[in-house]
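# Coordinates in review
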Amino acid sequence: MTTIEIATATTPQSPERTARRRGLLRQLLGSKKALTGLILLGLFALLALLAPVLAPGDPSLINATGSQAPSAAHWFGTTAKGQDVLALTLWGGRSSLLVGFTVGLVATGVAIVVGVASAYFGRIVDDLLTLLTNLFLLLPGLPLLIILAAFLPPGTSTVILVLVVTGWAGSARVLRAQAKSIRGKDFVAAAVVTGERPLRIMFREILPNMASVVMTTLLGCVVFGITSQAALEFLGLGDTSVVSWGTNLYWASNDGALMTGAWWAFVPSGMCIALVAFALALVNYAVDEITNPRLRNRRSRRERRG
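All of these numbers come straight from a predicted model, not from anything done at the bench. (Residues numbered from 1 in each chain as written. Predicted model: local features only at pLDDT ≥ 70, side-chain atom pairs only at ≥ 80, totals over all residues. Heavy atoms only, no water.)

### Remarks on the overall build of the protein
Tallying secondary structure elements over the protein gives 16 helices and zero strands in all. By the burial criterion, 41% of the 306 residues in the protein qualify as buried. Sequence-distant contacts in the protein: of pairs separated by 6 or more residues, those separated by 24 or more amount to 70%. Approximately 16,300 Å² of the protein is accessible, and the part contributed by carbon and sulfur atoms is 67%. (Helix = DSSP H or I, 4+ residues; strand = E, 2+ residues; numbered from the N terminus. Buried < 20%, exposed > 50% of the residue type's maximum accessible area, 1.4 Å probe, protein only. Contact = heavy atoms within 4.5 Å. Areas by Shrake-Rupley, 256 points an atom, 1.4 Å probe, with all protein chains shown as cover.)

### Quick notes on the side chain of Ser-118
Here Ser-118 is to be found in helix H5 (residues 85-121). Excluding its chain neighbours within four sequence positions, the residues that come into contact with Ser-118 are Asp-126, Leu-129, Thr-130 and Arg-176.

### Side note on the confidence of the model for the protein
Per-residue confidence for the protein gives a mean pLDDT of 84; residues scoring 70 or more make up 87%. Least confident of the elements in the protein is helix H1 (residues 3-10), whose mean pLDDT is 42; most confident is H5, at 94. Low pLDDT (under 50) marks residues 1-14, which in the prediction has ten contacts with non-local residues, meaning those over four places away or in another chain. (pLDDT = per-residue confidence, 0-100.)

### What about a nonpolar patch on the surface?
A cluster of nonpolar side chains, namely Leu-43, Leu-46, Leu-47, Leu-49, Leu-50, Val-53 and Leu-54, defines an oily patch on the protein surface of about 650 Å² accessible area. Elements represented by at least two residues in the nonpolar patch include exactly helix H3 (32-49) and helix H4 (51-54). With four residues, H3 is the single largest residue contributor to the nonpolar patch. Residue class for Leu-50 comes out partly exposed when judged on its relative accessible area of 34%. (Patch = residues over 30% accessible without salt bridge, like charges linked within 9 Å, V, L, I, M, F, W, Y side chains within 5 Å. Salt bridge = Lys/Arg side-chain N within 4 Å of Asp/Glu carboxyl O.)

### Some thoughts on the pattern of salt bridges
In the structure shown here, the tally under the stated rule is five salt bridges. Two residues, Glu-196 and Arg-200, come together in a salt bridge whose shortest N-O distance is 3.1 Å. Bridged by salt links that share partners, the residues Asp-126, Arg-176 and Lys-180 form one connected network.

### Focus on helix H6 (residues 123-138)
For H6, with 16 residues, the first-to-last C-alpha span of 22 Å sits near the 22 Å given by 1.5 Å per residue. Turning to H6, its buried residues are Asp-126, Leu-129 and Thr-133. The buried residues of H6 all sit within an arc of 80° when viewed along its axis, so they share a single face. Of the exposed residues in H6, the ones pointing more than 90 degrees away from its buried face are Ile-124, Asp-127, Leu-128, Leu-131, Leu-135 and Leu-138. Where H6 is buried, its residues touch H5 and helix H9 (169-183). (Expected span 1.5 Å × (residues − 1). Arc of directions from axis to C-beta.)

### Some remarks on the packing of aromatic side chains
Tallying each qualifying case throughout the model produces five aromatic pairs. Seen from their ring centres, Phe-44 and Trp-245 are 6.1 Å apart, and the 80° between their planes marks the pair as edge-to-face. On the criterion of sequence distance, the pair formed by Phe-44 in helix H3 and Trp-245 in helix H13 (residues 245-254) is long-range, its members being 201 residues apart. Phe-44 sits in the buried class, given a relative accessible area of 13%. (Phe/Tyr/Trp six-rings, centres within 6.5 Å; stacked < 30°, edge-to-face > 60°.)

### Considering the nonpolar core
In this structure, Val-116, Leu-175, Ile-206 and Met-210 are the most contacted members of the largest nonpolar core, which totals 26 residues. When residues of this core are traced back to their parent elements, those giving at least two are H5, H9, helix H10 (186-193), helix H11 (198-206) and helix H12 (211-234). With eight residues, the single largest contributor to this core is H5. Core analysis: the second largest hydrophobic core is formed by 22 residues, Leu-28, Leu-40, Val-222 and Ala-286 among them. (Core = buried A, V, L, I, M, F, W, Y, C linked by side-chain atoms within 4.5 Å.)

Right under this line is the structure:
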């Protein structure tokens, strides 16, 4: 095949990829699991954005008697100090969702660069990046999180940095394996022969064919970010002056809410973390079900039986 023929063979890829992406989005919106997860995520995002309207003022202010059960005046009750739990929950969503999605995006971005570069260049680059990835995978996650959080200055940016550093390696290994299988395809070889730049091949030829894996990786990293932030702050290693679902659980534990039976002080934040993780898991499962032929065939058989 000549260079002109190879170049001609590679040009139809773009419309086909666009059609595939539109088909994936259409199937995703048609999935009950994905739709339920997206509605839940949208609801939490909307409540977090409207927190200054729904609960104006500083949520940390003491404006009531401590340890009041849920009532008409305070729908979610009050903490042992007299803070409104509903206000703390609404404002806490802003920090927790911001950290979770920021960690998810940045960690996935690092994993994409490392994984795709390792698969494309191979040899020495692959060996070095694989060694780096394995090094981070071998380090125990929670102890490393605790050590980094304890020695770095407290703050939201520190939590994001710590979670990105400890959360990219597993995703990079998965993406490297997927990119390596695509690296050997004919359209990638054609792009190399026609003289395309490595960055263009990596991000215009290889990466679009990994859309489903990247989406799954992103959702998993967001879940990791939200739950890990809550775990760090519950242990007192975050910035306790910031209102988040994790710090709400930390102060509820410090105030002895569980021992005194003040369940309303910790249940709302815990339920929010669980529901957001559940919503992301629904979307993740729907993406896997749409893109995995085995799961897709199983779903088609169930629909035919129904």
